[in-house]
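Each chain, letter by letter, is given below.
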Amino acid sequence: MFQRFNEEELKNQISSSKEKLEQYKLQGLKLDMSRGKPCSNQLDLSVGIFDVVKPDSCFLTSTGTDVRNYSVPAEFTGLSEMREMFSEIISVEKDLIFIGGNSSLNLMFNYFSKLFMKGLPDRNIPWNNYEKIKFLCPSPGYDRHFSITEYFGIEMIPVEMNSDGPDMNVVEELVKNDGDIKGIWCTPVYSNPTGCVYSDETIKRLASLKCKSDEFLIFWDMAYVLHNLYGEIIKIPDIISECANYGNENRPIIFASMSKVTFAGSGVTCLAASKKNLASFLETARVSTIGYDKINQMKHVKYLKDLDNINLLMGKHADIIRPKFEKVLQIFEEKLGGLGIAEWTSPRGGYFISLDVYPHTAKKVHSICRDCGVVLTPAGSTFPYGKDPDDKNLRIAPTYPDIEELDFACNILCEAVKYAAATEIISNK
Ligand SMILES: Cc1ncc(COP(=O)(O)O)c(C=O)c1O
């Protein structure tokens, strides 16, 4: 509809939005919708974890390990109970699971370090030796995935993200012809930031990809597998078995995290991979540490108990954050619906909403919001190298602010979107 406005109507829109934004500016607000952080009510859900391990607790695991001491080599992969828990969560057999520390990103980084220093098992060609390595980056995607690949000097190729996962026609074409492409980033359940869930068809096509490089890896980040907003339990095909059906069982490296189940940055994480890939990763991991934090693993096992109990806890998280997602979507619909200047996703889980504003205005919207005291994730950060070719995507993180702050922040955001769109359209008339 905005595109059909005549010049006078656009000018009116600009001056009315400007006036409102000036008023917002005077209020000295400080609202943060930039990072996907749980709010304190969510963190309160897990404080009981501090009661499950007390000075007089039994510190022995089912296999007789004292968690207060260094692990025996056989238990380097983590507490048996913790591996069982993750095995249920990600539907991968326990023997293929390694329990890490407090950050799955750290495991991803370590996996790349290993690849660059030692290469893949059997091949043993350090990726450092290659002149060029490329990775496919479904976009919009997660900025910290992109930071890791950029750090290692990997060339990132954006691939469009559809509602059922990456555009597989493009992926198939690229990997068939280019042997420098050695992997793809995937967040298959409630992807960051669009919230999409990969379809079975997409997963099958990823598993069966015919790649020019025989070193192609799928970095499969299951960060949000438990994070549904509406009580739906998402079961996607197990990527290791799916890949094995096509003789590609060494392709996927899976990651998962408790960061948004218990405490952000103080959870427990896991890496899962084929027997061969896991053994090779462990060779390096064993040199880098005597073992990860078993006391935290015990706390998680005792507090979370089993998958049914975890799902109950996730239901409580959802009860806290679902109204926030719905508030954002309601304001977007009221303020931007039908104007033809913005589109957004309506995720059924995860931590984000992806907002596409009028092309070539996302940076402007971001800076107007900042001037009015609303912090958003920088425009462009959902694309490799921070470069959104259309300058239109913004990642909205509704979980941290309270609902009144969110209401305020979204009204400011929508006014900024309208102002920036009208300004852009008029400048092209
Ligand atoms: C897709 C994705 N993976 C991983 C993480 C971080 O996980 P961790 O805290 O385990 O490092 C996040 C956090 O926002 C995320 O969105």
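The model shown is predicted, which means the values in this text are computed figures rather than measured ones. (Residues numbered from 1 in each chain as written. Predicted model: local features only at pLDDT ≥ 70, side-chain atom pairs only at ≥ 80, totals over all residues. Heavy atoms only, no water.)

Remarks on the overall build of the protein
Here is step 1: Of regular secondary structure, the protein possesses 14 helices and 13 strands.
Here is step 2: By the compact-globule yardstick of 22 Å for 429 residues, the protein fits well, its C-alpha radius of gyration being 23 Å.
Here is step 3: Taking the principal axes of its C-alpha atoms as reference, the protein extends roughly 75 × 55 × 30 Å.
Here is step 4: Every one of the 429 residues in the protein was classed for burial, and the buried ones make up 57%.
Here is step 5: Considering only residue pairs separated by 6 or more positions, the protein has 76% of its internal contacts joining residues 24 or more positions apart.
Here is step 6: As displayed, the protein offers around 18500 Å² of accessible surface, 49% of which is attributable to carbon and sulfur atoms. (Helix = DSSP H or I, 4+ residues; strand = E, 2+ residues; numbered from the N terminus. Rg over C-alpha atoms; globule rule 2.2 N^0.38 Å. Buried < 20%, exposed > 50% of the residue type's maximum accessible area, 1.4 Å probe, protein only. Contact = heavy atoms within 4.5 Å. Areas by Shrake-Rupley, 256 points an atom, 1.4 Å probe, with all protein chains shown as cover.)

Thoughts on the nonpolar core
Here is step 1: Within the largest apolar cluster, 112 residues are counted, with the highest numbers of intra-cluster contacts made by W220, F332 and L413.
Here is step 2: Broken down by element, the residue count for this core peaks at 14 residues, all from helix 14 (residues 403–427).
Here is step 3: If you count residues domain by domain, this core takes at least three from each of domain 1 (2–33 + 310–427) and domain 2 (57–304).
Here is step 4: Those residues in contact with F332 that lie beyond four places of it in its chain are G337, W344, I353, L355, I396, C410, L413 and C414.
Here is step 5: Judged by nonpolar contacts, the second largest core, of 30 residues, contains F98, M108, C137 and F255. (Core = buried A, V, L, I, M, F, W, Y, C linked by side-chain atoms within 4.5 Å. Domains from an automatic or database assignment.)

Description of the sheet that holds strand 13 (residues 393–396)
Here is step 1: As summarised here, the arrangement of the three strands in space is 10-11-13, forming an open sheet in which the pairing is antiparallel. Lying at the two open borders of the sheet, with one neighbouring strand each, are strand 10 (343–344) and strand 13.
Here is step 2: Of the strand pairs in this sheet, strand 11 (residues 353–356) and strand 13 are connected by four bridges, and their pairing is antiparallel. The residue of strand 13 that forms the bridge with L355 is L394.
Here is step 3: In the packing of helix 12 (residues 307–336) onto the sheet, the strands contacted are strand 10, strand 11 and strand 13, and the crossing angle to strand 11 comes to about 15 degrees. (Pairing = 2+ DSSP bridges. Axes fitted to C-alpha atoms, helices over the stretch in contact; angles between N-to-C directions.)

What about the site of the ligand?
Here is step 1: Taken together, 13 residues form the shell around the ligand, and within it S104, D221, Y224, S257 and S259 come nearest.
Here is step 2: S104 places a main-chain nitrogen or oxygen 2.8 Å from an oxygen atom of the ligand.
Here is step 3: K260 is positioned with one of its side-chain polar atoms (N or O) 2.8 Å from an oxygen atom of the ligand.
Here is step 4: Contact with the protein chains hides 89% of the accessible area of the ligand, taken as 400 Å² for the molecule alone.
Here is step 5: A class-by-class count of the residues in the shell around the ligand yields four nonpolar, seven polar and two charged. (Near = heavy atom within 4 Å. Polar contact = N/O pair within 3.5 Å; in protein donor to acceptor, adjacent residues only side chain to side chain. Nonpolar A, V, L, I, M, F, W, Y, C, P; charged D, E, K, R; others polar.)

Observations concerning the pairing of strand 8 (residues 252–257)
Each regular strand displays side chains that alternate between the two surfaces of the sheet.
Here is step 1: The buried fraction of strand 8 is high, at six of six residues.
Here is step 2: In this sheet, strand 8 lies alongside strand 7 (residues 217–221) in parallel orientation, the contact comprising four bridges. Note that in strand 8 the partner of W220 across the bridge is I254.
Here is step 3: Between strand 7 and its parallel partner strand 8, the chain crosses via helix 9 (residues 239–244), and the hand of that crossover is right-handed.
Here is step 4: The sheet contact formed by strand 8 and strand 9 (residues 269–273) spans five bridges and is antiparallel. Of the residues in strand 9, the one forming a bridge with I254 is A272. (Right-handed = clockwise from strand over helix to strand, strands pointing away.)

Quick word on helix 6 (residues 143–151)
Here is step 1: Residues of helix 6 that are buried: D143, H145, F146, I148 and T149.
Here is step 2: Structurally, helix 6 contributes buried residues whose contacts are with helix 5 (104–118), strand 3 (134–139), strand 4 (155–162), strand 6 (181–186), strand 7 and strand 13.
Here is step 3: With its phi angle positive at about 75 degrees, G153 sits one or two positions after the end of helix 6.

Some thoughts on the packing of aromatic side chains
Here is step 1: Tallying each qualifying case throughout the model produces 25 aromatic pairs.
Here is step 2: A ring pair is formed by F98 and F281, whose centres lie 5.7 Å apart and whose planes are at 70 degrees; its orientation type is edge-to-face. Highlighted residues: F98 in strand 2 (residues 97–99) and F281 in helix 10 (residues 275–288), separated in sequence by 183 residues.
Here is step 3: With relative accessibility at 0%, the residue F98 sits in the buried group.
Here is step 4: When the ring of Y111 is compared with that of F281, the centres are 5.4 Å apart and the planes differ by 15 degrees; the resulting orientation is stacked. Here Y111, found in helix 5, pairs with F281, found in helix 10; they are 170 residues apart in sequence, far enough to count as distant. (Phe/Tyr/Trp six-rings, centres within 6.5 Å; stacked < 30°, edge-to-face > 60°.)

A short note on the side chain of R83
Here is step 1: Turning to its location among the elements, R83 is positioned in helix 4 (residues 80–90).
Here is step 2: No salt bridge is formed by the buried R83, whose closest oppositely charged neighbour, D95, lies at an N-O distance of 4.7 Å.
Here is step 3: A polar contact is formed between the side chain of R83 and the backbone oxygen of K94, at a distance of 3.3 Å.
Here is step 4: Apart from the residues lying within four places of it in its own chain, the contact partners of R83 are T77, G78, K94, D95, I97 and I99. (Lys, Arg positive; Asp, Glu negative; His and termini not counted. Salt bridge = Lys/Arg side-chain N within 4 Å of Asp/Glu carboxyl O.)

Quick look at the side chain of Q297
Here is step 1: Relative to the assigned elements, Q297 resides in helix 11 (residues 294–304).
Here is step 2: Look past the residues within four positions of Q297 in its chain and what remains in contact with it is G78, L79, M82, I99, G100, V268 and Y292.

Some points on the domain arrangement of the protein
Here is step 1: Domain annotation for the protein reports domain 1 (2–33 + 310–427) and domain 2 (57–304).
Here is step 2: A straight line from the C-alpha centre of domain 1 to that of domain 2 covers 32 Å.
Here is step 3: Tallying the contact residues gives 27 residues for domain 1 and 31 residues for domain 2.
Here is step 4: Buried area between domain 1 and domain 2, summed over both chains or domains, comes out near 2600 Å², and the portion from carbon and sulfur atoms is 65%.
Here is step 5: Looking at the side of domain 1 facing domain 2, the largest losses of area belong to I310, R348 and Y385, adding up to 26% of the total buried there.
Here is step 6: Where domain 1 packs against domain 2, one counts one salt bridge.
Here is step 7: Seen at the junction of domain 1 and domain 2, the total is ten residue pairs in polar contact (both at pLDDT 80 or more).
Here is step 8: Sort the elements by how many residues they give to the side of domain 1 that touches domain 2 and helix 12 lands first, with ten residues.
Here is step 9: Among the residues forming the side of domain 1 that touches domain 2, the class breakdown is 13 nonpolar, ten polar and four charged. (Buried area = accessible area lost by both parts, 1.4 Å probe.)

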